[in-house]
Amino acid sequence: MDIGEYKAKKDKTIDEHRQELMNEWNRMKAMGYVREEHLYQLVKLACFHHDDGKANKEFQMRIQSEKKRLFNEEKEVPHNILSAYSISLKEMEQMGYSKEDYYRVVFAVMYHHNYGKPLEIIQEKRELIKDLLQGITDNKIKKSTLGKMSAMMEDDMAIKIKGFLHKCDYSASGNYQVEYDNNFLEESLENVKKKWKEKNSNSDWNDMQTFCMEKRDENIIVIAQTGKGKTEGGLQWIGNNKGFFVLPLRTAINAIYDRIKQQMITDNSIDEKVAILHSESLEYYNEHFSNEELDIFDYEKRGKHLTMPLSISTMDQLFDFVFKYHGYELKLVTLSYSKIVIDEIQMYHPTLLRYLIYGLKRITQMGGNVAIMTATLSPFLKQLLQENILFKEENIKIFVDDSIRHNVCVKDCKINITDILEVYEANERKGKSNKILVICNTIGKAQELYKQLKQTGQNININLLHSRYTREDRRRKEHEIIQFGVTYNREHQLDCQSGIWISTSLVEASLDIDFDYLFTELQDLNSLFQRFGRCNRKGEKDCSQYNCYVYAEIDKRNLITFYERNNSDNQSGFIDNTIFQLSKQAIKDGEGKLSEWKKLELINNYLTMENLKESNYYKEYCDADWIEDVRPYHYENTEHKLRDILSETIIPSPVFEMNKSYIMDKVELLKSNTLSNTETLKVKDDIMKFTVNIPLWHWNNYEKAVKRGVAQAYQNVELSAREKIKVMECNYDEIGYERINYQDRQ
């Protein structure tokens, strides 16, 4: 009996499953994602043999049993190990393949599941393996072949074979299409241009966007001033290729997704074209699509499996492959035939930056292309990129002009409401547009200023936005600030309103908001110029007078040096002191009318490798060099997280008490087991909208206070047997979440 007729699954033979894999593999080849015929044939061999080991008698008895039978270690060997024996070196050599090719295919098949430790099992269970392989194959695996497996783990061709095998196998087993073709983006962008031309007949792609179109097959670095259209430039660079747009903030990801959905997708096929990849993507789909429009579970699954032509993603959803956990090859190989846009790279924590740059290095080594799109890029960061990734000099381009959008006043004091009110009241007397944005370095400072402004009792439209509002409140506030921060009204005239929005770095990147005046604490030069980009964004407002006020004195507890990081109990320090002091000197040098070129000059003069080599930032970056030496399969994929801030999800006690009846009714509904998957998700989301993410140490301090009897304890809100939301005694009102200082309680 041909082993292809044995069962691979209860409802499929090995032959049928093989054919499913080949269908998906041929689909990828037809899309142009597999350009090397040699690689195509090797993956084809791996697909053909990957489940041969399932023909063994024990597996067949187990898979065909009416009762569920568990894998028996005494009688069985994982099928991925047995399947490797069906690959014949002699036959491969007769077909013109090398020994190295044989080792690569054996490796891919042997490790295509994380079942057991193959090398140990082969050494310890030779007789059992021989018995199980009767009637399947009499091939042997030599010790010399086993000795090559460690080398194959680091072999780029072997990694590709295994990664493609994973993609095809998971797709066939999961009953989803392995890839959807990107055949829409270039046409969609042209349709956007046509809409521009309807409003302005002279509209066309600018020099930056044209450069991106011309360099689609190259790695590029684009430095372009805010408002230049970097999103469209990045999409033009991707073109009709598989692409990933990587941004640091979920808010920005959602905003770009919405723009693409509204402006570029003219039919109802967005679920086959564009996906968002972040920790709340399913909830976002649930909020924006009805049951009738599409199956959000299938949509989200396609996104998570990286099948979509265009994905807009946070870094952690893609670049965890640098930990080389079992199966990481799928992500790496997908990125190897993709085009990856990294937006605002300067915003990442130094450890995350090290992971990101190493990940980009591996992607380009494997064949992928990278575009760095940013408003600012220091010589320091540019050098780190060029040391790891090949960028031709002609592909590093600056698109900055002499325009002046910002008139800067530097204050050697802390940010305060007196200055803000003085400008606000003067504008009100003159009847000028009076949209003021205040950006603070910490949530605490933002809340403090908001309280102080409210306490004045003046009739001013004052709003606050930061990351410690409930999901529901934050979504509402994000929508409100975008609506308030528009450049033009419906008549396409400059929008004129009065009001003050106070926020944090949450708004400094990728949000399309345009205020008349900015008051901001200094953090670092890159961040500062990002914040400037939220004021007079289009450059069409008067800046003959100061419109950006920078406060160069901040709470010293927020500054940290390398020595303090390793030898101090300072938990609040997060701003690199070296970079802060350099930035302070630089912005004083740039006081007054500040052109876009001058901003670039300040960054180039101050944020050099020479100036930053003793900084905490650079030392933390260097400390993360261990990532390049991680051994494959040392980590399980549940052991690592790319998020550099540990947090806890809670329902604040005032929110819980106010909505207790509603929440508990939803909990009972979940317990009823009468809901469909979509209904269950919607009910869970109805509860999750009351949650806030807080620092883990806040929760730890609360737990200690509960044990001491000085804080009220609450029962968890149970969404399922494994999903529980904690309720925490704290303050929550119009300023959002505030922790209670339990030390004051006796």
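This is a predicted model, so every value here is computed, not measured.

Trainee: Can you lay out the overall build of the chain for me, pointing to particular residues and giving the numbers?
Mentor: Across its full length, the chain holds 33 helices and 24 strands. A compact globule built from 746 residues should have a C-alpha radius of gyration of about 27 Å, and the chain, at 29 Å, falls within 12% of that. Expressed as lengths along the three principal axes of its C-alpha atoms, the size of the chain is roughly 95 × 65 × 55 Å. Every one of the 746 residues in the chain was classed for burial, and the buried ones make up 58%. Across the chain, every contact between residues at least 6 apart in sequence was considered, and the portion connecting residues at least 24 apart equals 77%.

Trainee: How would you explain helix α18 (residues 329-336) if you had to name every residue and give the values?
Mentor: Of all 8 residues in α18, 8 are buried; the element is thus mostly enclosed. Among the structural elements, α6 (99-110), α11 (156-174), β4 (243-246), β7 (339-343) and α19 (350-365) are those in contact with the buried residues of α18.

Trainee: Which residues make up the packing of helix α16 (residues 281-288) against helix α17 (residues 296-304), and what values do they have?
Mentor: Between α16 and α17, the least distance of the axes is 10 Å, while the angle of their chain directions is 145 degrees. In terms of crossing hand, the pair formed by α16 and α17 is right-handed. For the pair α16 and α17, the contacting residues are Ser281, Leu282, Tyr285 and Asn286 in the first and Ile296, Phe297, Tyr299, Glu300 and Lys304 in the second. When grouped by side-chain class, the residues that make up the contact of α16 with α17 number 5 nonpolar, 2 polar and 2 charged.

Trainee: Please provide a residue-by-residue account of the pairing of strand β8 (residues 369-374), values included.
Mentor: Most of β8 is tucked away: 6 of the 6 residues are buried. Pairing between strand β3 (residues 220-224) and β8: 4 bridges, direction parallel. Across the sheet, the residue bridging to Ile220 is Ala371, located in β8. As paired elements, β7 and β8 share 5 bridges and run parallel to each other. Within the sheet, the bridge partner assigned to Ile342 lies in β8 and is Ile372. Traced from β7 through α19 to β8, the parallel crossover comes out right-handed.

Reading the values: rules and limits
- Residues numbered from 1 in each chain as written.
- Predicted model: local features only at pLDDT ≥ 70, side-chain atom pairs only at ≥ 80, totals over all residues.
- Heavy atoms only, no water.
- Helix = DSSP H or I, 4+ residues; strand = E, 2+ residues; numbered from the N terminus.
- Rg over C-alpha atoms; globule rule 2.2 N^0.38 Å.
- Buried < 20%, exposed > 50% of the residue type's maximum accessible area, 1.4 Å probe, protein only.
- Contact = heavy atoms within 4.5 Å.
- Axes fitted to C-alpha atoms, helices over the stretch in contact; angles between N-to-C directions.
- Left-handed = near helix turned anticlockwise from the far one by under 90°.
- Nonpolar A, V, L, I, M, F, W, Y, C, P; charged D, E, K, R; others polar.
- Pairing = 2+ DSSP bridges.
- Right-handed = clockwise from strand over helix to strand, strands pointing away.

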